Amino acid sequence: MTTMTEASVREFKMPDVGEGLTEAEILKWYVQPGDTVTDGQVVCEVETAKAAVELPIPYDGVVRELRFPEGTTVDVGVSIIAVDVSGGSAPADAPAPAPTPAAERQPEEPKAEGSGRQPVLVGYGVAASSTKRRPRKGAEIPAQEPAAASVSVQAELNGHGTAPAAAPAPAAPAPAAPGQAADRSRPLAKPPVRKLAKDLGVDLASVVPSGPDGIVTREDVHAAAASAQAPALPTAPEPVPAAAPAPATAPAQAPAASYDTARETRVPIKGVRKATAAAMVGSAFTAPHVTEFVTVDVTRTMKLVEELKRDPDKYGMQGLRVNPLLLIAKALLVAIRRNPDVNASWDEANQEIVRKHYVNLGIAAATPRGLIVPNIKDAHDKTLPQLAEALGELVATAREGRTSPAAMQGGTVTITNVGVFGVDTGTPILNPGESAILAVGSIKLQPWVHKGKVKPRQVATLALSFDHRLVDGELGSKVLADVAAVLEQPKRLITWG
C-alpha cells in the first residue's frame, strides 16, 4: 500500500473572482479524483453573485480529492480541490515517522501562504488564511491515539490540520468523544452545518452533538435554535429547562415541513437572485428615485432601422445587427453629451458628487440565471458601427452565461428594454452607483396627430429614473426630452452628435 506525503498535496482554494465577492457556488466539476491535471487546465465552473466563471488549476498533478460536491456554496479562501503534485507516491512502510512531517510542516505554512494575498489565476487573490492542511487518510489514522484520531475526524470535517492533536493525549474511551469535542475550540461539524449555525446565530460549542463520534448534525443546530427561542422570557435557564425544550423542538421545526410540496416550491436565494435582491433593496432605500415619462413618435427611427438593414454596406454596418435598441442607445449617449452633469455618482463617504467624463453604458439583460447589467466601456467614444458591434457581443455573451465580473463593474447609466416583453413602460430602479436608468417600452402602431391629421404612427413610451440627490428635475427632464427628440427626428444624431 502506498500513500502520498502531505508535502506533495496542494490545496487549491476558492479564489476571489470579483471585487468584494465572498462566496461562490460550484456549478460543475470537470475532473474527478485520479484524473491528471496540467497548469492552466479548467477544473470546475463556479457561479458568483453575478456571473459563471471557469477556474483553472495553477499546477500539474493528480486530483486527490474534490472537497465539495456540485451545488455547494463555498466561501472564498476555502480549499475546494486537493492535487498531488509529487508525480508519484511514496511508500508508507512505518507509521512511526508520521509525527515528524507534521512537526516539520508547522514552519513551512507561512512560506506557502505568505503575509499578503495569495496569487491566483482568477480575480484578485485571497487573503492569507491560518487554516491548516488536511491530514492524510489511510495508514496514519490507526497509528494515532484515540484523542488524536478524534482530532483527525475534526480535521476531515473542517479542513484543519493535526497540530492541536499533540497536546490533548488523555486516552479516554470512545463515549468521551462528545465531551472532548466540547472542550476543543472548534466542535465537530461539517461545513454546511457550521454555516447553518452561523445563519441561525447558534454557538456550536453550546450544542449537544447526537451524531457519530460526537459530530454536531443539522438537527442538533435546529434544536439548539428552537431551545434558544423558547426560553426568551426567563433570563438564562440553561441547565434546568434542558429537557423542556425537547417537546418545543418538534413544533419549532414543523413550519419548515408543513407546506404542501405539490402546491409550493421553495427555491434557495443565492447567486444572481441574491445579489440582485441586495442591490435593488440597497438602491431603492438609498437613492431617492424620481421617474419621468414621455411618449414619442418613433416612426422615422424605425424607418432608419429598416434602411440600415436593407443596405448595410452603404452605412458600414456589414455583418452587424441593427435594431431599435442600437439607435436608442445612441440617442441616450447624445443626450448625455448635451447634459453631462447627469453622468455622475454620489459619494456618501466623502460627501462628493463624482462627475464622470466617460460613459459606460449598461444594458439590462435577462438570462437563465437572472438579471445582469453588463456595460459597454467608453460607449461615448464609439461610432454607430462600433456601438452595434459592442452591443452584439454584450448580448451574445450574456445569453451564453459567460459575462465576466469586470464587464458588470463601473457602469454609469443603464438602458432596460422592457418593450421586448410587450410592456408599455415601467419605473426602473437604479443600478447601484449610477445616476440614471432609461426604460424603453414596446413600439406599437397607434393613432397619432401628424402634420395636423390623425394617422397610424409607431409610438413608444420612455421612462427615465434618476437619483434626485444629484439630478434635479430640470436636468432629468432635459435628458429625457433630448432622447425623445432624437428618436422623433434621427437626423439630430448628425446635428447634435
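Residues numbered from 1 in each chain as written. Predicted model: local features only at pLDDT ≥ 70, side-chain atom pairs only at ≥ 80, totals over all residues. Heavy atoms only, no water.

## Section: a positive patch on the surface
Taken together, the side chains of Lys-303, Lys-451, Lys-453 and Lys-455 present a region of like positive charge at the surface. Looking at the element boundaries, Lys-453 is found in strand E23 (residues 453–467). Residue classification places Lys-453 among the exposed residues on the basis of a relative accessible area of 55%. (Patch = residues over 30% accessible without salt bridge, like charges linked within 9 Å, V, L, I, M, F, W, Y side chains within 5 Å. Areas by Shrake-Rupley, 256 points an atom, 1.4 Å probe, with all protein chains shown as cover. Salt bridge = Lys/Arg side-chain N within 4 Å of Asp/Glu carboxyl O. Lys, Arg positive; Asp, Glu negative; His and termini not counted. Charge placed at Lys NZ, Arg CZ, Asp CG, Glu CD. Helix = DSSP H or I, 4+ residues; strand = E, 2+ residues; numbered from the N terminus. Buried < 20%, exposed > 50% of the residue type's maximum accessible area, 1.4 Å probe, protein only.)

## A short note on the sheet that holds strand E4 (residues 36–37)
Read from one edge of the open sheet, four strands run E2-E9-E7-E4, paired in antiparallel fashion. Both edges of this open sheet fall to strand E2 (9–13) and E4, since each of them pairs with a single strand only. Of the pairings in the sheet, the one linking strand E7 (residues 61–66) to strand E9 (residues 79–84) comprises four bridges and is antiparallel in character. By the bridge assignment for E9, Leu-66 is matched with Ile-81. (Pairing = 2+ DSSP bridges.)

## Observations concerning unusual backbone geometry
Look at Asp-378: it is not a glycine, yet its phi comes out positive at around 50°. Mapped onto the fold, Asp-378 is located in the loop between strand E19 (375–376) and helix H10 (384–399). In the Ramachandran plot, Lys-451 falls in the positive-phi region, its phi being about 55° despite a non-glycine side chain. For Lys-451, a relative accessible area of 69% translates into the label exposed.

## Let's talk about the pattern of salt bridges
Evaluated as defined, the whole model comprises eleven salt bridges. A salt bridge links Arg-355 to Asp-341, with the shortest nitrogen-to-oxygen separation between them at 3.5 Å. Highlighted residues: Arg-355 in strand E15 (residues 352–355) and Asp-341 in the loop between helix H9 (324–338) and strand E14 (344–347), separated in sequence by 14 residues. Relative accessible area serves as the criterion here: at 34%, Asp-341 is assigned to the partly exposed category. Its salt-bridge partner being Lys-478, residue Glu-474 comes within 3.4 Å of it at the nearest N-O pair. Residue Glu-474 and its partner Lys-478 are located together in helix H11 (residues 473–488), separated by four residues, close to a single helical turn. Through salt bridges with shared partners, one network takes in Glu-11, Glu-65 and Arg-67.

## Describing the packing of aromatic side chains
Tallied over the full model, the rule gives zero aromatic pairs. Positioned over the ring face of Trp-496 is Arg-338, at 3.8 Å from the centre of the ring. (Phe/Tyr/Trp six-rings, centres within 6.5 Å; stacked < 30°, edge-to-face > 60°. Lys NZ or Arg CZ within 6 Å of the ring centre and 35° of its normal.)

## What to know about the pairing of strand E20 (residues 413–417)
For a regular strand, side-chain orientation follows a simple rule: the groups alternate between the two sheet faces. Summarising burial for E20: four of the five residues are buried, a large majority. With three bridges connecting them, strand E16 (residues 361–363) and E20 associate as parallel partners. For Leu-361, the partnering residue across the bridge sits in E20 and is Val-413. As paired strands, E20 and strand E21 (residues 436–440) are joined by five bridges and run parallel to one another. Across the sheet, the residue bridging to Val-413 is Ala-436, located in E21.

## Brief notes about H10
Between the first and last C-alpha of H10 there are 23 Å, a value that for 16 residues agrees with the 22 Å anticipated at 1.5 Å per step. All of the buried residues in H10 are Leu-387, Ala-388, Ala-390, Leu-391, Leu-394 and Ala-398. Angular distribution of buried residues about the axis of H10 spans 170°; they occupy a single face of the element. Where the residues of H10 are buried, they touch H9, E16, strand E17 (365–367), strand E18 (370–372) and E19. (Expected span 1.5 Å × (residues − 1). Arc of directions from axis to C-beta. Contact = heavy atoms within 4.5 Å.)

## A word on the environment of Gly-401
Within the fold, Gly-401 resides in the loop between H10 and E20. Look at Gly-401 and you get buried, because its relative accessible area is 18%. The sequence separation of Gly-401 and Thr-367 amounts to 34 residues, and the corresponding C-alpha distance is 7.2 Å. Sequence-distant contacts of Gly-401, that is, excluding residues within four places in its chain, are made with Ala-52 and Arg-369.

Structural measurements only, silent on function.
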